[in-house]
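Spelled out, the chains give:
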Amino acid sequence: MLVVADTIPEILARPGRLVGFYGVPPREALKEAADRHGADLVDLDIDYGAPVSRVVPDAYCHIIRNCVDNAAALAPKLACIVAATGPEKCDGGRYAARLMRDRLEIEVIATVNAGSDATGPTLLSDATGPLKKRVVRIMRAIVEPLTVREEDEARASRVEPTVGFWGTPPHPIGLLDLFPDTTQVLGWTRCVEQGRPADMDLETFVPDGLPVVFFSQGFCQKAALARSLAERHRGMPVDVHDSVSAATRAKVEAFIRLACTGGTP
Amino acid sequence: MIFCDAGSSWCKVWETGEEAVRIVPTREMAAGSSRLDWGTGHTARGRSAHFENDLISLSRGALALVRDDDFTVLDLGSRDAKLVSFAGRRPVRLDWSVGCAAATGATLEMIGHFYRVDFASLAVGDEWTPVTCGTYALERIMDAFAAGERAEQAVARFVHGLARNAFDFAGRPATLHLSGGFTSNPAFLTALGRYCRVVPMGRTVPLVGLWAFAADEDPELGPVPAALRPG
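Residues numbered from 1 in each chain as written. Chains lettered and ligands numbered in written order. Predicted model: local features only at pLDDT ≥ 70, side-chain atom pairs only at ≥ 80, totals over all residues. Heavy atoms only, no water.

This part takes up the environment of D126(A). Residue and element names in this part refer to chain A. Examined against the element boundaries, D126 turns out to sit in the loop between β4 (108–111) and α5 (131–140). For D126 and V185, which are 59 residues apart along the polypeptide, the C-alpha to C-alpha distance reads 6.6 Å. Once residues lying within four places of it in the same chain are set aside, the contact partners of D126 are R158, V159, Q184 and R190. Engagement of the side chain of D126 in a polar contact is seen with the side chain of T122, the distance being 2.7 Å. (Helix = DSSP H or I, 4+ residues; strand = E, 2+ residues; numbered from the N terminus. Contact = heavy atoms within 4.5 Å. Polar contact = N/O pair within 3.5 Å; in protein donor to acceptor, adjacent residues only side chain to side chain.)

Next up on the list: the pairing of strand β7 (residues 212–217) of chain A. All names here are of chain A. Of all six residues in β7, six are buried; the element is thus mostly enclosed. The alternating pattern of β7 places V212, F214 and S216 on one face and V213, F215 and Q217 on the opposite face, and all of these are buried. In terms of strand pairing, strand β5 (residues 163–166) meets β7 through three bridges, oriented parallel. Note on β7: the bridge partner recorded for G164 is V212. (Buried < 20%, exposed > 50% of the residue type's maximum accessible area, 1.4 Å probe, protein only. Pairing = 2+ DSSP bridges.)

A few words now on the nonpolar core. One finds F21(A), L41(A), F3(B), L94(B) and L228(B) to be the most contacted residues of the largest nonpolar core, which totals 73 residues. If you tally residues by element for this core, the top one is helix α7 (residues 205–217) of chain B, at eight residues. Setting aside chain neighbours within four positions, we find L228(B) in contact with W14(B), V21(B), T204(B), L207(B), V208(B) and W211(B). Counting residues in each nonpolar core, the second largest holds 36 residues, with A144(B), A154(B), F158(B) and F182(B) among its members. (Core = buried A, V, L, I, M, F, W, Y, C linked by side-chain atoms within 4.5 Å.)

Turning to the domain arrangement of chain B, a few remarks are in order. Residue and element names in this part refer to chain B. Entries for chain B in the domain assignment read domain 1 (2–66 + 205–228) and domain 2 (81–200). Between the C-alpha centres of domain 1 and domain 2 there is a distance of 25 Å. Residue-level contacts link 11 residues of domain 1 with 11 residues of domain 2. When domain 1 packs against domain 2, close to 1100 Å² is buried across both sides, 69% of that on carbon and sulfur atoms. Three residues stand out in domain 1 for area buried against domain 2, namely L55, L63 and V66, and they jointly supply 46% of the buried area on that side. Connecting domain 1 to domain 2 are zero salt bridges. Remark: the boundary between domain 1 and domain 2 carries three residue pairs in polar contact (both at pLDDT 80 or more). Those elements giving two or more residues to the side of domain 1 that touches domain 2 turn out to be α2 (54–65) and α7. With six residues, α2 is the largest single contributor of residues to the side of domain 1 that touches domain 2. A class-by-class count of the residues in the side of domain 1 that touches domain 2 yields eight nonpolar, two polar and one charged. (Domains from an automatic or database assignment. Buried area = accessible area lost by both parts, 1.4 Å probe. Salt bridge = Lys/Arg side-chain N within 4 Å of Asp/Glu carboxyl O. Nonpolar A, V, L, I, M, F, W, Y, C, P; charged D, E, K, R; others polar.)

All names here are of chain A. Examined at the domain level, chain A breaks down into domain 1 (8–111) and domain 2 (131–260). With 18 residues of domain 1 at the interface, the matching set in domain 2 holds 16 residues. Buried area between domain 1 and domain 2, both sides added, is near 1400 Å², and the carbon and sulfur share of it is 69%. Linking domain 1 with domain 2 are zero salt bridges, by the criterion used here. Where domain 1 packs against domain 2, one counts five residue pairs in polar contact (both at pLDDT 80 or more). Of all the elements in the fold, those that place two or more residues in the side of domain 1 that touches domain 2 are α2 (27–37) and α3 (62–74). Of the residues forming the side of domain 1 that touches domain 2, the biggest block, four residues, is contributed by α3. A class-by-class count of the residues in the side of domain 1 that touches domain 2 yields 10 nonpolar, three polar and five charged.

Put into structure tokens, the structure is as follows:
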């Protein structure tokens, strides 16, 4: 079972030990670790407001910082960590696995997720509804797949998208609140829903004519893809480090407004 | 009806019927409790009956003032740089740089006072200091001054570097429509003019945008008043 919580104290107050994970490890690796320890799973990518552990520099990808700071804060409770260390994550994920093992003295199971041969459907990516809720559910589906009812609802809500969000789930996740319900999910998050997190062809897929915000986390190598794709598709690149500045907010708001009015300010 | 572009350092305020736009320090505006009918800019959001995003008011104002189909407008103020490029009179590139234009205008204003530099007569030469943000640039000027360089020379290199950075940020257009406080800095205009044709538009472009939105709601407001048009 996946732990759903907002804060570190909330997670620490739960009975029993936990298996931490980050990125998109193969589902069987997560299940094997959880079964072995009789533990629930906790996603370390999420911002639970963990104190800064200083294991990684401040000027560093905030997603990786979340993984490491969460692991440090939850260390007494973690039976082990299932780490994504392959091309489906990044070098940051690979280095974090080593740092967690060496600095936090937690058992780390390094995994690589090459993706399944069959490409899964994009139900939530193409559905209508609050973007943050859909992205969060896509990431939870790493552990808990959509129910039949959720799948049916997603299919039924499908409409023509008005704008696209390309990239990983951002930190802070509140960036997604700026987008309309008719936002199509693209990039890595879409790859995750399709079960192919390392598929760069899928990651660089952008529908013709759709206005897209190309997001990259500050200090993430995906910025190169985001910038290049934005140039090719006349989209807008946006990067965020630890907070959404007034300028970033205004840029995204203006882009979405212009996208929805066909370019008329 | 009060229109206000509330920037980080300066507010541009115009009330219908007034002959000219007033430039008021933001600290004074922020301290007051005045309500705005139409507002844009960093500090206007919470006290405007109608608020427009800075990039939207800049876009709308530029479209009201420029007849070209394809053009680029750059608003360079005290804190940051905002950019809109149009193709066929539709925005195709929006950008707002805080990090890479951080406080350049405020820094220039400060060093102008500090070193008593007259930007109207400052000679900008071939040399430039790479400028990515105000803080780094300030450090370089101080280093140069400490090493015995004349303040005017160091500041001129800074102004030139700023112009290069602005030109790069704008995507190196052949013609650049310039909005914001830098339009009243002759040294900067000269420096930027080395790289492209510069069309200074003054500090009222976002106010013109607000006027255009107000006129959508009340067509009797008529065309853009002379007080808001670039001099």
